[in-house]
Amino acid sequence: MNTKLLTEKELDQAAAILREGGLVGIPTETVYGLGANGLNDQAVKNIFAAKGRPQDNPLILHIPDVSWLERYCKDIPLTAYKLAQAYWPGPMTMILYHKDVVPDAVTAGLDTVGMRCPAHKLCRDIIAAAGVPVAAPSGNTSGRPSPTTAQHMLEDMDGKIEAIVDGGPCAVGVESTIIDLTCTPPRLLRPGGITLEQLRDVLGEVDVDPAVTRLLGAGEKPKAPGMKYRHYAPKAPVTVVTGDPKRSAEYIAAHAQSEDGIICFDEFLPLFTGRSSARPVMDLGPAGDKEEQARHIFDALRSFDHTTVPAIWAQCPDTSGIGLAIANRLNKAAGFHIIEV
Ligand code: AMP
Ligand code: MG
């Protein structure tokens with residue numbers, strides 16, 4: 001199959017492919033998604049095949065407007081509307097009970113479904129033009145870092161899907177926040193673009209699923225099935241170093257081998273580029289700018305796959321705000337191999 005790169009102007013083509021049961025890479029503000037008609041069982045199954053995704057890992061259903069929620073969900077609590085009012089369209093997925101129209105392929109047989117209305121205008125326009133909800137996980141091959149540009153998605157999906165719509169680089173850079181509204185108190189299943197603090201502003205008490213911050217034990221089951229899988233992993237093993245940025249940079253400078261890859265905050269680039277110009281170094285952004293760090297995290301992890309680095313060391317921000325999402329992605333990429341300095 002020849003994967004077409006479509007422009008914004010060709011959104012009707014993308015919508016038609018989706019409607020007819022094909023697979024399309026769609027830009028969102030978080031990461032690129034691998035979309036299919038969410039009401040078409042076979043089309044949704046094809047997503048799993050293209051990604052090599054485990055069958056028990058459900059997808060998120062994307063809608064262009066909050067008014068579509070009732071078509072697919074039941075027993076919707078008032079808090080869902082409050083959250084939608086505050087943060088939709090935006091990088092937040094709500095877990096709700098679904099109606100029978102939602103195929104098992106989307107939900108992996110669960111009685112709940114993840115619903116999201118993306119902020120990316122072109123994405124909403126594609127879904128509205130298709131006239132169907134779009135089921136989509138991130139557009140990477142399973143296990144790899146999520147794509148934040150159309151080019152990254154093409155690296156993983158060329159020849160496997162009908163088309164990718166290029167909507168520019170993703171503005172947020174990490175996947176949506178997942179909040180489960182079927183339990184009391186509501187529970188954060190995955191940190192993302194909408195922060196825990198923002199959720200608490202609307203909901204009051206919010207629990208944090210243990211899978212967000214630590215490796216689960218053999219008998220433990222996360223509520224978001226996707227959180228149990230090794231994820232976001234580049235080919236080389238990753239070590240995450242947390243703590244005061246200056247100390248973590250100095251720790252890495254003292255312990256990394258000269259051929260190891262480095263992910264660091266901008267301020268500390270000279271510590272690494274000074275010693276050996278051959279060393280692959282990726283800057284995440286300024287230590288004080290987590291939004292910028294979020295935009296670069298997957299690109300940084302992915303970039304080392306074009307090199308032969310035997311190991312990767314990464315500085316990690318503190319967990320306030322979107323730092324929780326950055327730390328979660330880095331820690332998962334590292335299999336929770338974390339050093340605190
Ligand atoms: P992705 O955005 O590629 O990571 O895939 C969607 C994520 O949403 C996965 O981590 C899933 O486990 C999670 N998810 C989707 N539907 C549900 C659901 N009904 N309950 C809990 N988690 C879900
Ligand atoms: Mg994913």
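All of these numbers come straight from a predicted model, not from anything done at the bench.

Thresholds applied
The residue numbers shown here count from 1 along each chain, following its written sequence. Throughout, the order in which chains and ligands are written sets their labels, letters from A for the former and numbers from 1 for the latter. With the structure being a predicted model, the display of local features is reserved for residues of pLDDT at least 70 and the display and counting of side-chain atom pairs for 80 or more, all residues being used for whole-chain, interface and lining totals. Water and hydrogen atoms play no part in the side-chain values, which are based on all heavy atoms of the structure. Cavities and pockets are found on a 1 Å grid laid over the protein atoms alone: a cavity is a set of points where a 1.4 Å probe fits but cannot escape, a pocket is an open set with protein on both sides within 12 Å along at least five of seven lines, and a lining residue has an atom within 4 Å of such a point. Grid points are joined across faces, edges and corners, and a volume is the space filled by probe spheres set on the points. Going along the chain from the N terminus, every DSSP run of H or I of four or more residues is numbered as a helix, and every run of E of two or more is numbered as a strand. All residues other than Ala, Val, Leu, Ile, Met, Phe, Trp, Tyr, Cys, Pro, Asp, Glu, Lys and Arg, Gly among them, are scored as polar; the first ten of these are nonpolar and the last four charged. Each residue is placed in one exposure class: buried if its accessible area under a 1.4 Å probe, protein chains only, is under 20% of its type's maximum, exposed if it is over 50%, and partly exposed if it falls in between. Residue contacts follow a heavy-atom distance rule, with two residues in contact if any of their heavy atoms lie within 4.5 Å. Here, any two strands with at least 2 DSSP bridges between them count as paired. Polar contact criterion, stated in full: a pair of N or O atoms within 3.5 Å, where within protein one must be able to donate a hydrogen and the other to accept it, and residues adjacent in sequence count only if both atoms are side-chain atoms. Whether two aromatic rings pair depends on their centres lying within 6.5 Å, for rings of Phe, Tyr and Trp, where Trp uses its six-membered ring; planes under 30 degrees apart make the pair stacked, over 60 edge-to-face, and the rest tilted. The criterion for a charge sitting over a ring is simple: Lys NZ or Arg CZ within 6 Å of the ring centre, and within 35 degrees of the ring normal.

Here the focus is the layout of surface pockets. Of the pockets and cavities examined, the largest pocket occupies roughly 850 Å³. When contributions to the lining of the largest pocket are tallied by element, the ones reaching two or more residues are β4 (60-62), β6 (92-98), α5 (104-107), β7 (112-116), β10 (177-180) and β11 (187-190). Ranked by residue count, the leading element in the lining of the largest pocket is β7, at 4 residues. Of the residues in the lining of the largest pocket, the class split is 21 nonpolar, 17 polar and 11 charged.

Listing the buried residues of helix α6 (residues 121-130) in full gives L122, C123, R124, I126, I127 and A130. Where α6 is buried, its residues meet α1 (11-19), β2 (24-26), β4, β8 (134-136) and β9 (163-165). Just beyond α6, the residue with positive phi is G131, at close to 75°.

Turning our eyes to something else, we now look at the pairing of β7. When you tally the buried positions in β7, you get 5 out of 5 residues, the bulk of the element. Because side chains alternate across β7, one face comprises the buried residues T112, G114 and R116, and the other comprises V113 and M115, equally buried. Here 5 bridges tie β6 to β7, and the two strands are oriented antiparallel to one another. Bridge pairing in β7 places L96 opposite V113.

For the rest of this paragraph, the subject is the side chain of T28. Looking at where T28 falls in the secondary structure, it is placed in the loop between β2 and β3 (33-37). Only 2.8 Å separates the side chain of T28 from the side chain of T30, close enough to count as a polar contact. In this structure the side chain of T28 is engaged in a polar contact, spanning 2.7 Å, whose partner is the backbone oxygen of V31. When neighbours within four sequence positions are excluded, T28 is seen to be in contact with R116, H120, C123 and C170.

As a further point, take the packing of aromatic side chains. Note on aromatic pairs: each is described by the distance of the centres and the angle between the planes. A full pass over the atoms with the stated rule returns 1 aromatic pair. With a centroid separation of 5.2 Å and an interplanar angle of 40°, the aromatic rings of Y232 and F298 are classed as tilted. Of this pair, Y232 sits in the loop between β12 (207-208) and β13 (238-242) while F298 sits in helix α11 (residues 290-303), and the two are 66 residues apart along the sequence. This pair shows no difference in class: Y232 is buried, exactly as F298 is. The side chain of R71 reaches across the aromatic face of W68, ending 4.1 Å from its centre.

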